[in-house]
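Structure at a glance
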Amino acid sequence: GQNIDQPTEMTATEGAIVQINCTYQTSGFNGLFWYQQHAGEAPTFLSYNVLDGLEEKGRFSSFLSRSKGYSYLLLKELQMKDSASYLCAVLPNDYKLSFGAGTTVTVRA
Amino acid sequence: GAVVSQHPSWVICKSGTSVKIECRSLDFQATTMFWYRQFPKQSLMLMATSNEGSKATYEQGVEKDKFLINHASLTLSTLTVTSAHPEDSSFYICSARDSQREGIYEQYFGPGTRLTVT
């Protein structure tokens, strides 16, 4: 089976930066996705990494190290609307996305 | 672009009845669609992979006779929960891959269906 770990909860202040780590052990690797999910809604795509390094997209950046089985999602200039669950998902050899349990981020004023 | 719809968005049914959930890709063709279920404060668990024109592939532990999947066209997959029980109450989410984008494995998610069995 696939093993994907990420912290359960994180809290940060509006305007601050938060880094959500994700480690994985999977049967093969064909890329890593980050999704944002608000309560009661479907996940929305944030980023995709397949090569090592940092991908920056506005206030959100995602980093990947394949040798370490490690990724992080960096959220800058936090806004209240960023309060949500953030899901790390890996695409293994069977090309079926395997999700971590999600990290609930709470942004406080 | 890349919009996936689900219908209904929420449904309440009585124990023992069947419920059908539709998943449609609105502006792209999807040879492959996926069905997930999500319990409160838990992550998405893959139930089955729906393949257009062929039988669905079910994950271990998912009863194929209870969760019937039909993928009759390139834009529509349906999930029927048969003889529903209260423990089937959950958030069901479908996703789809764009068949025209070779080598791109991004999945587009529907808005989900909240099923409550009383």
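Source: prediction; values computed, not measured.

Another aspect to go through is the environment of Ser-95 of chain B. Residues and elements named next belong to chain B. Residue placement: Ser-95 occurs in strand E9 (residues 90-96). Remark: the alpha-carbon pair of Ser-95 and Gln-29, spanning 66 residues in sequence, is separated by 12 Å. Among residues more than four places away in sequence, those in contact with Ser-95 are Thr-32, Met-33, Phe-34, Tyr-36, Gln-107, Tyr-108 and Phe-109. Here Gln-107 takes part through its side chain, which lies 2.7 Å from a polar atom of the side chain of Ser-95.

Residues and elements named next belong to chain B. The two faces of strand E1 (residues 4-7) differ: Val-4 and Gln-6 on one face are buried, but Ser-5 and His-7 on the other face are not. Sheet analysis places E1 next to strand E3 (residues 19-25), joined by four bridges and oriented antiparallel. Within the sheet, the bridge partner assigned to Gln-6 lies in E3 and is Cys-23.

With 21 residues of chain B at the contact, the number on the chain A side is 16 residues. Looking at the side of chain B facing chain A, the largest losses of area belong to Ser-43, Tyr-105 and Phe-109 of chain B, adding up to 35% of the total buried there. Glu-59 of chain B serves as the salt-bridge partner of Lys-96 of chain A, at 2.9 Å between the closest nitrogen and oxygen. Here chain B is connected to chain A by five residue pairs in polar contact (both at pLDDT 80 or more). If you list the elements that add at least two residues to the side of chain B that touches chain A, you get strand E4 (32-38), strand E5 (45-51) and E9 of chain B. Broken down by element, the residue count for the side of chain B that touches chain A peaks at three residues, all from E4 of chain B. By residue class, the composition of the side of chain B that touches chain A is nine nonpolar, eight polar and four charged.

A few words now on the pairing of strand E7 (residues 67-73) of chain B. All names here are of chain B. Summarising the sheet, E7 and strand E8 (residues 76-81) pair through five bridges and their orientation is antiparallel. In the strand pairing of E8, Phe-67 is matched with Val-81. Between the antiparallel neighbours E7 and E8 lie two residues.

To continue, consider the environment of Ser-62 of chain A. Residue and element names in this part refer to chain A. Along the chain, the position of Ser-62 falls in strand E7 (residues 60-65). Spatially, the C-alpha atoms of Ser-62 and Ile-17 are 13 Å apart, while their sequence positions differ by 45 residues. Of the polar contacts made by the side chain of Ser-62, one reaches the side chain of Ser-47; its length is 3.2 Å.

Glancing now at the sheet that holds strand E8 (residues 70-75) of chain A. Residue and element names in this part refer to chain A. With respect to topology, five strands assemble into an open sheet ordered E1-E3-E8-E7-E6, the strand pairing being antiparallel. Pairing within the sheet leaves two strands with one partner each, and these edge strands are strand E1 (3-5) and strand E6 (53-57). For this sheet the average axis-to-axis angle between neighbouring strands, irrespective of direction, equals 15°. As paired strands, strand E3 (residues 18-25) and E8 are joined by six bridges and run antiparallel to one another. Residue pairing across strands places Gln-19 opposite Leu-74, the latter belonging to E8.

The rules behind the values
Residues numbered from 1 in each chain as written. Chains lettered and ligands numbered in written order. Predicted model: local features only at pLDDT ≥ 70, side-chain atom pairs only at ≥ 80, totals over all residues. Heavy atoms only, no water. Helix = DSSP H or I, 4+ residues; strand = E, 2+ residues; numbered from the N terminus. Contact = heavy atoms within 4.5 Å. Polar contact = N/O pair within 3.5 Å; in protein donor to acceptor, adjacent residues only side chain to side chain. Buried < 20%, exposed > 50% of the residue type's maximum accessible area, 1.4 Å probe, protein only. Pairing = 2+ DSSP bridges. Buried area = accessible area lost by both parts, 1.4 Å probe. Salt bridge = Lys/Arg side-chain N within 4 Å of Asp/Glu carboxyl O. Nonpolar A, V, L, I, M, F, W, Y, C, P; charged D, E, K, R; others polar. Axes fitted to C-alpha atoms, helices over the stretch in contact; angles between N-to-C directions.

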